[in-house]
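Observations on the model geometry
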Amino acid sequence: YAQADRDYTTAISMTANEVNPFWLRAALIKFQLGDPQSALDLIKRVAVRFPEAPEVRAAYAVLLSAGGDAVAAQRKFLEIPDRARLKYVDTAYL
């Protein structure tokens, strides 16, 4: 994960003025490496740029939950449309 984090950080620094979808993966890598604040900072920027994307909402909910805010996490998770949300509770899909 450390090399992926360095690669994503480099890529983000080259495109810092324009949020790209790969920033979501970069945020999840930061979370995996134990840097939840940096992950949340990236997710917030991605959520502003792609507010309707179910993947963004699901990742945001995970980070909120991991940060101890279960109510906000549930609220964010429930923003995902019903059909899309079903995927995130299907263990075969996950």
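Look up a bit, the structure's there.
The sections below set out a description of the structure shown in this document. In this text, all values refer to a predicted model and were calculated from it rather than measured experimentally. (Residues numbered from 1 in each chain as written. Predicted model: local features only at pLDDT ≥ 70, side-chain atom pairs only at ≥ 80, totals over all residues. Heavy atoms only, no water.)

Counted under the stated rule, the structure contains five salt bridges. A salt bridge links Glu52 to Arg57; the nearest nitrogen and oxygen atoms lie 3.2 Å apart. Overall, Arg57 belongs to the buried group, its relative accessible area being 10%. Among the ionic contacts, a cluster of salt bridges with common partners joins Glu52, Arg57, Lys76 and Glu79. (Salt bridge = Lys/Arg side-chain N within 4 Å of Asp/Glu carboxyl O. Buried < 20%, exposed > 50% of the residue type's maximum accessible area, 1.4 Å probe, protein only.)

Glancing now at the environment of Asp5. Turning to its location among the elements, Asp5 is positioned in helix H1 (residues 2-14). Distance in space between the C-alpha atoms of Asp5 and Arg49 is 21 Å, their sequence separation being 44 residues. In this structure the side chain of Asp5 is engaged in a polar contact, spanning 2.7 Å, whose partner is the side chain of Lys30. (Helix = DSSP H or I, 4+ residues; strand = E, 2+ residues; numbered from the N terminus. Polar contact = N/O pair within 3.5 Å; in protein donor to acceptor, adjacent residues only side chain to side chain.)

Here the focus is the packing of helix H3 (residues 36-49) against helix H4 (residues 54-66). Look at H3 against H4: their axes get within 10 Å of each other, and the N-to-C directions meet at 150 degrees. When the axes of H3 and H4 are compared, the pair comes out roughly antiparallel. H3 and H4 meet at a crossing whose hand is left-handed. Together, Ala39, Leu40, Ile43, Lys44, Val46 and Ala47 of H3 and Val56, Ala59, Tyr60 and Leu63 of H4 make up the contact between the two elements. Here the contact of H3 with H4 is built from residues that sort into nine nonpolar, no polar and one charged. (Axes fitted to C-alpha atoms, helices over the stretch in contact; angles between N-to-C directions. Parallel < 35°, antiparallel > 145°, perpendicular 65-115°, else oblique. Left-handed = near helix turned anticlockwise from the far one by under 90°. Contact = heavy atoms within 4.5 Å. Nonpolar A, V, L, I, M, F, W, Y, C, P; charged D, E, K, R; others polar.)

In terms of nonpolar packing, the biggest core is built from 22 residues, with Ile12, Trp23, Leu24, Leu42, Ile43, Val46 and Tyr60 touching the most fellow members. Among the elements of the structure, H1, helix H2 (22-32), H3, H4 and helix H5 (70-78) are those that each provide at least two residues to this core. Excluding residues that lie within four positions of it along the chain, Leu42 makes contacts with Ile12, Trp23, Ala26, Ala27 and Lys30. (Core = buried A, V, L, I, M, F, W, Y, C linked by side-chain atoms within 4.5 Å.)

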